[in-house]
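Working through the structure, step by step
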Amino acid sequence: MILPRIRLPWTKTSDLSANSRLHWRKRHALVKAQKRAADALAREAGWHKAVIHPDAKMILRLIYCPPSNVSTVDDDNIITAHKGARDAFAAVLGINDSQFTTVAERGEKCRFGAVIVQAETIPPENEASRQGCNPSGSDHNPELGETGMAFDKHITGKAGAQ
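On a predicted model such as this, the values are computed, not experimentally measured, just so you know.

Rules used in this analysis
Counting starts from 1 at the beginning of each chain's written sequence and moves along it residue by residue. At least 70 in pLDDT is required for a residue's local features to be given in this predicted model, at least 80 for side-chain atom pairs to be given and counted, and no such filter applies to totals for whole chains, interfaces and linings, which use all residues. Only hydrogens and water are set aside when side-chain values are computed; all heavy atoms of the structure are taken into account. A run of H or I in DSSP becomes a helix once it reaches four residues, and a run of E becomes a strand once it reaches two; helices and strands are each numbered from the N terminus. The contact definition used throughout considers only heavy atoms, calling two residues in contact when any of these lie within 4.5 Å. In these notes, a set of buried Ala, Val, Leu, Ile, Met, Phe, Trp, Tyr and Cys residues joined through side-chain atoms within 4.5 Å is what counts as a nonpolar core. Note on exposure labels: buried denotes an accessible area under 20% of the residue type's maximum, exposed denotes more than 50%, and partly exposed covers the range between, all computed with a 1.4 Å probe on protein chains only. Expected span, for any helix, means 1.5 Å times one less than how many residues it has. The arc refers to the directions leading from the helix axis to the C-beta atoms. One bridge is not enough; two strands pair if DSSP finds at least two bridges between them.

The next thing to look at is the environment of Val92. Its place among the elements puts Val92 in helix α4 (residues 83-93). Each C-alpha atom, one on Val92 and one on Lys49, is 8.8 Å from the other, the two residues being 43 residues apart in sequence. With near-sequence residues (within four places) excluded, Val92 lies in contact with Asp39, Ala42, Arg43, Trp47 and His48.

What follows is the structure, encoded as structure tokens:
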């Protein structure tokens, strides 16, 4: 399921990045404002009505369109700077934010800047395919151990020996 796009306002990423030396109280106020904005925009887009399976994974794509007066933006900072928004999205969807795989992409510059958020749900696989086995047992592979992991039979001798 693909959720409707959200357009977050541009925030100065250097203040919210992991490397920021901003005073904790000022940073907290910025994160709180970001959470409020993300929550309101997600609810406005109808994300709160989405039914997400508790085991589903989600791809959260942040397409950042910096303002015309910003020369460069580090994509690592985009992800960390939007942690508050991620938390708000997870709360609106009723899921744990560990279900998100966050991807940052560069977009075109625009006058005031924006971060366009796209979210897509990846449904959970059924239990048998997740464990890599066929319940009928017809494709049993003797190379796999009880854990379903392959073991290389050609490795002999001490560790590191060639």
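Turning to its location among the elements, Ala85 is positioned in helix α4. When the C-alpha atoms of Ala85 and Asp39 are compared, they prove to be 7.5 Å apart, with 46 residues separating the residues in sequence. With near-sequence residues (within four places) excluded, Ala85 lies in contact with Leu8, Gln34 and Ala38.

Let us now look at the nonpolar core. If you look at the biggest cluster of nonpolar residues, it comprises 28 residues, and the most contacted ones within it are Leu8, Trp47, Met58, Phe89, Leu93, Phe100 and Val117. Those elements giving two or more residues to this core turn out to be β1 (6-9), α2 (24-44), β2 (57-65), α4, β3 (100-106) and β4 (114-122). Element by element, the count of residues in this core is highest for α4, at six residues. What Met58 contacts, discounting residues up to four positions off in sequence, is Leu3, Ile52, Leu93, Ile95, Gln99, Phe100, Thr101, Ala119, Glu120 and Thr121.

Here we come to α2. Taking 1.5 Å of rise per residue, the 21 residues of α2 would be expected to cover 30 Å, and the 30 Å separating its terminal C-alpha atoms lies within 8% of that figure. Among all positions in α2, only Gln34, Ala38 and Ala42 are buried. Down the axis of α2, the buried side of the element spans an arc of 60 degrees, and every buried residue falls inside it. Of the exposed residues in α2, the ones pointing more than 90 degrees away from its buried face are Arg25, Lys26, Arg36 and Glu44. Two residues or fewer past α2, Gly46 is found with a positive phi of approximately 90 degrees.

Attention now goes to the pairing of β4. Along β4, seven of the nine residues are buried, which leaves the element largely enclosed by surrounding structure. Of the pairings in the sheet, the one linking β1 to β4 comprises four bridges and is antiparallel in character. Across the sheet, Pro9 pairs through a bridge with Ala114, a residue of β4. Across nine bridges, β2 lies against β4 in antiparallel orientation. Note that in β4 the partner of Ile59 across the bridge is Glu120.

Scope: geometric values only; no functional claims are made or implied.
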